[in-house]
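Single-letter residue listing:
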Amino acid sequence: MASYDVSPSAPPDKQPAIGLIGMGEMGRMYCRRFSDAGWAHINVCDRQENFEKLQEDLKGMDVCMENRLHRSHELSDLSGVKVFRDGHLVSRLSDIIIYSVEAEYIDRVVAEYGQSTKVGAIVAGQTSVKSPEKLAFEKYLPDDVHIVSCHSLHGPTVSTEGQPLVLIQHRAPDWALHVMEDLLAPFKSRYVYLTYEEHDIVTANTQAVTHAAFLSMGTAWHSSMSYPWEMGQYVGGIETVKVNIMLRIYANKWHVYAGLAILNPSARIQIDQYAQSVTELFKLMITGDEAGLKKRVYDAREIVFSSSAQQRPPILLSEEMLDRFSLGSRPQTPIRPRANSHLSLLAMVDCWAALRIRPYEHLDLAATPIFRMWIGVAEYLFRSNDRLDAAVQAAVYDVSHRSDDLEFVVAARGWSQCVSFGNFDLYRERFTHTATFFESRFPEANRVGSQMIKAILEAAP
């Protein structure tokens, strides 16, 4: 393996064979990227019952991915891709193997195919939670293979360019790490070097509570049986970001979030704290304790948004620019938006403060696009005394959003309880029940949301 010239421009007989076990959304995105880069030998498989369907799907995959990633260059057929019936054949033939399966099933899949791994091969995993992946690799992979894992910290519909891509040199020499770097170079991602343990801490800090907040928003609005942005509520500015991200999350596969929440111990702690922060802040609101609420949110600001953070340029662009991506209609004559308690945001910063999480450290290290925008929304509120005071005043004295806030409290506690049970079936039912309610709004939300993410990331310092 070490003798290969690891470049897609090398002659085909000098290129390594790449194996992809698992062809869900991320597996297909990797396949698309590898093919576009010019790699000549890409062996792929999914579950055996999906063999014929995968063969058919790959014929139209270039069109599907083209639409999802909004690329402008001319379409070309996938080249160099061979579909196999199972992972035994992929493992035996491939020099670099990437398992792209759900964290819930990684142990079972590696147990089945691991012993077929080619001698001297490099093995990676694309799971969002690395603890079960590490255990599976160490338990089932032969000693004569190398482990250099990876994880693209973004969804399949986001361009890979400039996004964080974690590389984990676990059981491998330096040359094996360099092979993975060269293999993934066409992604034009930003490499982040972590251990398995560091990865799970960072992903918990950047994704777990963020996902819980937006899942709770969706559940709350579903419980109210309304699309409030279509009725003049939650329209414009930072509300645009919140609505778009909520819809974007529910448009994805449920297992993307379930594995991270249920299998990552750090994530469970944070999701529980978020529900606790939501509940305690709401109690201060309904008891009219303005002084107590104000002290709590300002104390949280002091911990999370330190003086050094205040010197950073803001993440979000102007409210006027964000209005371009609103899913709701804006009135012709501008009106002052109704005050909002922003309970979801107050609770997020309160949660970070309680757990002593410093989000800017993770923003620089390995922030996902959604996490970057969520910090941007939080700092937009918390770095302005006027906006933060207005939120506190609205929380205590303006009851126009009180019913929504109550639904949000119930939803946040429900998601925390769901995660604490550790039951994937329960998580799936809860997720898909709400996703179905918003399904008709997904196409527009994905289109507008992608444009919004692109605008914010392009403006990032």
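Provided above is the structure to which this section pertains.
Predicted model only: the values in this text are computed from it and were never measured. Within each chain, residues carry numbers counting from 1 in the order of the written sequence. Where local features are concerned, this predicted model is filtered to residues with pLDDT of at least 70; where side-chain atom pairs are given and counted, the filter is 80 or more; whole-chain, interface and lining totals use all residues. Computation of side-chain values covers all heavy atoms of the structure but excludes hydrogens and water.

K.L.:
Tell me about the overall build of the protein, and name the residues and values.
P.N.:
A run of DSSP states H or I qualifies as a helix once it reaches four residues; a run of E qualifies as a strand once it reaches two. Both are numbered from the N-terminal end. Along its length, the protein carries 21 helices and 8 strands. Note on classification: 1.4 Å probe, protein chains only; a residue is buried when its accessible area is under 20% of the maximum for its type, exposed when over 50%, partly exposed between these limits. Per-residue burial for the protein yields a buried fraction of 57% across its 461 residues. The criterion used for residue contact is that any of the two residues' heavy atoms lie within 4.5 Å. Long-range contacts, defined here as pairs at least 24 residues apart, represent 80% of the contacts in the protein between residues at least 6 apart. All accessibility values rest on the Shrake-Rupley procedure with a 1.4 Å probe; residue burial counts only the protein chains present in the view. Of the roughly 19,300 Å² of accessible surface on the protein, a fraction of 51% belongs to carbon and sulfur atoms.

K.L.:
Could you give an account of empty space enclosed by the protein, naming the residues involved and the relevant values?
P.N.:
Within this scheme a cavity is a closed region of a 1 Å grid, computed over the protein atoms alone, that accommodates a 1.4 Å probe without allowing it to escape, whereas a pocket is open but has protein on both sides within 12 Å along at least five of seven lines; lining residues each have an atom within 4 Å of a point. Grid points are joined across faces, edges and corners, and a volume is the space filled by probe spheres set on the points. Inspection of the entire model under this criterion finds 2 cavities of 30 Å³ or more. The set of elements that each furnish at least two residues to the lining of the second largest cavity consists of helix H8 (196–223), helix H10 (254–263) and helix H19 (402–421). The biggest single contributor to the lining of the second largest cavity is H8, with 4 residues. Partitioned by chemical class, the residues of the lining of the second largest cavity number 9 nonpolar, 1 polar and no charged. Only Asp, Glu, Lys and Arg are considered charged in this grouping, and only Ala, Val, Leu, Ile, Met, Phe, Trp, Tyr, Cys and Pro are considered nonpolar; every other residue, Gly among them, is considered polar.

K.L.:
Can you lay out the environment of histidine 170 for me, pointing to particular residues and giving the numbers?
P.N.:
Along the chain, the position of histidine 170 falls in strand S7 (residues 164–171). By relative accessible area, histidine 170 is classed as partly exposed at 30%. Along the primary structure histidine 170 and valine 148 are separated by 22 residues, whereas in three dimensions their C-alpha atoms are 5.8 Å apart. Not counting residues up to four positions away in its chain, the partners in contact with histidine 170 are Lys134, Glu138, Ile147 and Tyr196. There is a polar contact of 2.7 Å between the side chain of histidine 170 and the side chain of glutamate 138. Polar contact is defined as a pair of N or O atoms within 3.5 Å, subject to the rule that within protein one atom must be able to donate a hydrogen and the other to accept it, and that residues adjacent in sequence are counted only when both atoms are side-chain atoms.

K.L.:
Could you give an account of the packing of H8 against helix H15 (residues 343–354), naming the residues involved and the relevant values?
P.N.:
To obtain each axis, a line is fitted to C-alpha atoms, and for helices this fit is confined to the stretch in contact; angles are then taken between N-to-C directions over 0 to 180 degrees. Axis separation between H8 and H15 bottoms out at 11 Å; the angle between their running directions is 155°. Relative to H15, the element H8 is oriented roughly antiparallel. Crossing angle aside, the handedness with which H8 passes H15 is right-handed. For the pair H8 and H15, contact is made by Asn205, Val209, Thr210, Ala213 and Met217 and by Ser344, Met348, Cys351 and Trp352, respectively. When its residues are assigned to classes, the contact of H8 with H15 shows 6 nonpolar, 3 polar and no charged. Throughout this description, any angle smaller than 35 degrees is read as roughly parallel, any larger than 145 degrees as roughly antiparallel, any in the 65 to 115 degree range as roughly perpendicular, and the remainder as oblique. Put simply, a crossing is left-handed when the front helix is turned counterclockwise from the back one by less than a right angle, and right-handed when it is turned clockwise.

K.L.:
Describe the pattern of salt bridges, listing the residues and the values that go with them.
P.N.:
Each salt bridge in this description consists of a side-chain nitrogen of Lys or Arg and a carboxyl oxygen of Asp or Glu lying within 4 Å of one another. Counting across every chain of the model gives 15 salt bridges. We note a salt bridge from glutamate 280 to arginine 296, for which the minimum N-O separation is 2.5 Å. Here glutamate 280, found in helix H11 (residues 265–286), pairs with arginine 296, found in helix H12 (residues 290–304); they are 16 residues apart in sequence, far enough to count as distant. A residue is classified by how much of its surface remains accessible, and arginine 296, at 25% relative accessible area, is partly exposed. Taking the shortest distance from any N to any O, the salt bridge between glutamate 379 and arginine 383 comes out at 3.0 Å. We classify glutamate 379 as buried; its relative accessible area is 2%. Using a relative accessible area of 24% as the deciding quantity, one classes arginine 383 as partly exposed. Salt bridges here are not isolated pairs; linked through shared partners, they connect Arg28, Lys53 and Asp57.

K.L.:
Tell me about the sheet that holds S7, and please be specific about residues and values.
P.N.:
Spatially, 8 strands are ordered S3-S2-S1-S4-S5-S6-S7-S8 in an open sheet, and the strand pairing comes out mixed. The two strands at the open ends of the sheet, each matched to only one other strand, are strand S3 (81–83) and strand S8 (190–193). Strand-to-strand twist across the sheet, computed as the mean angle between neighbouring axes with direction ignored, equals 25°. Where strand S4 (residues 96–99) and strand S5 (residues 122–125) come together, 4 bridges link them in parallel fashion. Residue pairing across strands places isoleucine 98 opposite alanine 124, the latter belonging to S5. Most of the contacts of helix H1 (residues 25–37) go to strand S1 (residues 18–21), to which it runs at about 160°, and overall it touches S1, strand S2 (42–45), S3, S4, strand S6 (146–152) and S7. Strand pairing requires that DSSP identify at least two bridges connecting the strands.

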